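Read off the chains here:
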Amino acid sequence: MDLAWYTNHRFSHRVRIGWAGHQAHHSSEYFNLTTAVRQKWNPWSEAIFWAPLPLLGFAPWTIYVAFSFNLVYQFFTHTEAVGKLPRPVEFVLNTPSHHRVHHASDPEYLDRNYGDILIVWDRLFGTFREETHRPTYGLTKPVDTYDVFRLQYHEYGSILADVRSTPRLRDKLGYVFRPPGWKPAPPDGAEDGGALAPAAGS
């Protein structure tokens, strides 16, 4: 379950249609226990990443129990009240320090520390970053609203607008399935086209 969580979480940051659902969780410019419950209303991607578990023989009730433990643990990691924990703990487990990095909009912290209970997946797959300074929280492009519907769904509208803005199918698919911030190559084969910008506030 923890590996499935990592892969789903990484997908939700690096594929724009996944980010459209997940970004609401990152929209707060504060980092406290209330941030933990600022969740998306449309958790459709979990079903894709959880599906292999019953196919591997895990009983559905064990998946729900493990998922419940994961969610409860996540509440603990959303705080600035806990500093760095002893080194062995920080090496193995996702801690508030590691998760503060994950919620940062600082360029050096973007798209890091996707782990849920374990941080070892990030260490294994090259997405780990240690906290070296206090992060700046929120999205790289703030939403600047308290409208819960806009907070939840504005990125879907942005995707739709981008898809409508280009005639090429390849670019339409890019706006949906490439990372947040992706742009199509400019005309005449300019060298800087199709750049992959960091995820918007991941």
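This section reports on the structure supplied with the text. Bear in mind that the values here come from a model prediction, so they are computed numbers and not experimental data. (Residues numbered from 1 in each chain as written. Predicted model: local features only at pLDDT ≥ 70, side-chain atom pairs only at ≥ 80, totals over all residues. Heavy atoms only, no water.)

We now examine the pattern of salt bridges. This model, assessed by the stated rule, comprises eight salt bridges. A salt bridge links D162 to R16; the shortest N-O distance between them is 2.8 Å. In this pair, D162 is assigned in helix α10 (residues 148–164) and R16 in helix α2 (residues 16–22), connecting sequence segments 146 residues apart. Note on R16: relative accessible area 8%, which makes it buried. Salt-bridge contacts for R168 lead to D171; the nearest nitrogen and oxygen are separated by 2.8 Å. A network of salt bridges, in which partner residues are shared, links R16, E155 and D162. (Salt bridge = Lys/Arg side-chain N within 4 Å of Asp/Glu carboxyl O. Helix = DSSP H or I, 4+ residues; strand = E, 2+ residues; numbered from the N terminus. Buried < 20%, exposed > 50% of the residue type's maximum accessible area, 1.4 Å probe, protein only.)

Of all hydrophobic cores here, the largest spans nine residues; its members are F11, V15, I17, A20, I159, V163, Y175, V176 and W182. Of all the elements in the fold, those that place two or more residues in this core are α2, α10 and α11 (169–177). (Core = buried A, V, L, I, M, F, W, Y, C linked by side-chain atoms within 4.5 Å.)

Let's shift gears to the packing of aromatic side chains. Describing an aromatic ring pair means giving the distance of the ring centres and the angle of the ring planes. The full count for this structure, using the stated rule, is 12 aromatic pairs. Look at W5 and F67: their rings are 5.9 Å apart centre to centre, the planes differ by 40°, and that puts the pair in the tilted class. Of the two residues, W5 sits in helix α1 (residues 2–14) while F67 sits in helix α6 (residues 60–77), which places them 62 residues apart along the sequence. Here Y153 and Y156 contribute two aromatic rings whose centre-to-centre distance is 6.3 Å and whose plane-to-plane angle is 40°, an arrangement assigned as tilted. Separated by three residues within a single helix, Y153 and Y156 lie in helix α10, roughly one turn from each other. Since its relative accessible area comes to 23%, Y156 is described here as partly exposed. An aromatic cluster of at least three residues, connected via ring pairs, comprises W41, F149, Y153 and Y156. A cation over an aromatic ring shows up here: R123 above the ring of F128, its NZ or CZ 4.0 Å from the ring centre. (Phe/Tyr/Trp six-rings, centres within 6.5 Å; stacked < 30°, edge-to-face > 60°. Lys NZ or Arg CZ within 6 Å of the ring centre and 35° of its normal.)

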